[in-house]
Amino acid sequence: MRTKKWNVEIVITESDRTTQAEARLRGQDAELYVGEGTAHRSRSDQDIPHIGDELAVARALNGVSHSLLHEVATEIESRTGEQVHRLREG
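Conventions adopted
- Residues numbered from 1 in each chain as written.
- Predicted model: local features only at pLDDT ≥ 70, side-chain atom pairs only at ≥ 80, totals over all residues.
- Heavy atoms only, no water.
- Core = buried A, V, L, I, M, F, W, Y, C linked by side-chain atoms within 4.5 Å.
- Buried < 20%, exposed > 50% of the residue type's maximum accessible area, 1.4 Å probe, protein only.
- Helix = DSSP H or I, 4+ residues; strand = E, 2+ residues; numbered from the N terminus.
- Contact = heavy atoms within 4.5 Å.
- Pairing = 2+ DSSP bridges.
- Axes fitted to C-alpha atoms, helices over the stretch in contact; angles between N-to-C directions.

> Honestly, the nonpolar core in this entry has me stumped. Any pointers?
Nonpolar side chains in soluble globular proteins generally cluster together in the buried interior. In terms of nonpolar packing, the biggest core is built from nine residues, these being Ala21, Ala23, Leu25, Tyr33, Ala39, Ala56, Val57, Ala60 and Val64. Among the elements of the structure, β2 (18-26), β3 (32-40) and α1 (49-80) are those that each provide at least two residues to this core. If one sorts the elements of this core by residue count, α1 sits on top with four residues. What Val64 contacts, discounting residues up to four positions off in sequence, is Ala23, Leu25, Tyr33, Val34 and Gly35.

Printed below as a string of structure tokens:
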């Protein structure tokens, strides 16, 4: 069995009613995938900071996921010569 370790670093910045998150995924060969996410709290919302953190982080991780899937699709296309229309889950 072979084990690999990838690391994710997340930085969260809060300013007024806006929370921003940046997620950085570093792969085994030092590839770097970055995603950014933002959450906005309206004036009528309660001030519950962890909700903004969670939403901004989820959006940042979603961006990392999309970047990684795009990279995989590009690599498959370059090796097979066929266009990838959709990557199946599983």
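Back to the text.
> I keep staring at the environment of Val8 and nothing clicks. Help me out?
Following the sequence through the fold, Val8 ends up in strand β1 (residues 7-15). With 16 residues separating them along the chain, Val8 and Arg24 place their C-alpha atoms 5.4 Å apart. Leave out the neighbours within four places in its chain, and Val8 touches Arg24, Leu25 and Leu61.

> Where do I start with unusual backbone geometry in this structure?
Peptide bonds are trans in most cases, and residues, glycine excluded, mostly fall at negative phi. One non-glycine residue, Asp16, lies in positive phi territory at about 55 degrees. Overall, Asp16 belongs to the exposed group, its relative accessible area being 70%.

> How should I be thinking about the sheet that holds β1 in this particular structure?
To summarise the sheet geometry, strands pair through backbone hydrogen bonds and adopt either a parallel or an antiparallel arrangement. Read across the open sheet, the three strands follow the order β1-β2-β3; overall the sheet is antiparallel. Of all strands in the sheet, those with a lone pairing partner are β1 and β3, marking the two edges. Pairwise comparison of adjacent strand axes, ignoring direction, gives a mean angle of 15 degrees for this sheet. Here β1 runs beside β2; their pairing, made up of nine bridges, is antiparallel.

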